[in-house]
Amino acid sequence: HRHQLQGKLYRVSVDLTVPGGEIVASRVSDEHHAHEDAFVASRDAFDAVGRRLEDYVRRRKHRVKMHEAPPHGRVAKVMKEEGYGFIDRSDGTEVYFHRNSVLHDAFETLEVGQEVRFAEEMGDKGSQASSVALVGKHHIVE
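What this report covers is the structure whose coordinates are included nearby. Note that the coordinates shown come from a computational prediction; the quantities given were computed from them, not determined experimentally.

**Here's the deal with the overall build of the chain**
- Within the chain, the secondary structure is distributed over one helix and seven strands.
- Along its sequence from the N terminus, the chain presents helices and strands in the succession β-β-α-β-β-β-β-β.
- Considering the chain as a whole, with its 142 residues, one finds that 26% of them fall into the buried category.

Put into structure tokens, the structure is as follows:
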């Protein structure tokens, strides 16, 4: 006797208690006429909670991609006439950079002690910065 249920939408909510929290998924759709069927509404709610449970498991197993903060340091030396300089990393080592590595044509404005972030690569004579950017007021916290 499905014709008697036409127009009534089912709301299904699934609550899971997991270590360290709770996962809740509910399917309410005023526009989704398939939810006039209780089985379809239940299926959609369990599918949603299943996806959230998979995300929870990935986070618990540390399989979520974590983005590392780019290396940063302070300008140690700038040889403006020669077109290069060095950055003091937080671990005490120095990284070479060339004028062309400094983003936004900011090489001429660099001063000793300014904080920068950089991308690092191995060069012929060791570690060097392939790009150097001045750190503004939104600095990076490790």
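Still more to cover.
**Structural notes on the side chain of S101**
- Take S101: it is sitting in the loop between β5 (94-98) and β6 (115-123).
- If we ignore the near neighbours within four places in the chain, the residues touching S101 are A129, S130, S131 and V132.

**Examining the environment of T109**
- Among the secondary structure elements, T109 is positioned in the loop between β5 and β6.
- Each C-alpha atom of the pair T109 and K80 lies 9.7 Å from the other, and the pair is 29 residues apart in sequence.
- Apart from residues no more than four positions distant in its own chain, T109 is found in contact with K80, Q114 and L134.
- Polar side-chain contacts of T109 include one of 2.7 Å to the backbone oxygen of A106.

**Thoughts on the environment of R117**
- One can find R117 in strand β6.
- Between the C-alpha atom of R117 and that of L134, which follows or precedes it by 17 residues, the distance is 6.5 Å.

**Considerations on the packing of aromatic side chains**
- In the structure shown here, the tally under the stated rule is four aromatic pairs.
- For the ring pair Y84 and Y96, a centre distance of 5.8 Å and an interplane angle of 35° mean the geometry is tilted. Taken as a pair, Y84 in strand β4 (residues 84-89) and Y96 in strand β5 lie far apart in primary sequence, twelve residues in all.
- Since its relative accessible area comes to 25%, Y84 is described here as partly exposed.
- Looking at Y96, the relative accessible area reads 27%, which means it is partly exposed.
- A ring pair is formed by F86 and Y96, whose centres lie 5.9 Å apart and whose planes are at 70°; its orientation type is edge-to-face. A residue pair is termed long-range when its members are at least 10 positions apart, and F86 in strand β4 and Y96 in strand β5 qualify at ten residues.
- Three or more aromatic residues joined by ring pairs form one cluster here, namely Y84, F86 and Y96.

Basis of the calculations
- Residues numbered from 1 in each chain as written.
- Predicted model: local features only at pLDDT ≥ 70, side-chain atom pairs only at ≥ 80, totals over all residues.
- Heavy atoms only, no water.
- Helix = DSSP H or I, 4+ residues; strand = E, 2+ residues; numbered from the N terminus.
- Buried < 20%, exposed > 50% of the residue type's maximum accessible area, 1.4 Å probe, protein only.
- Contact = heavy atoms within 4.5 Å.
- Polar contact = N/O pair within 3.5 Å; in protein donor to acceptor, adjacent residues only side chain to side chain.
- Phe/Tyr/Trp six-rings, centres within 6.5 Å; stacked < 30°, edge-to-face > 60°.

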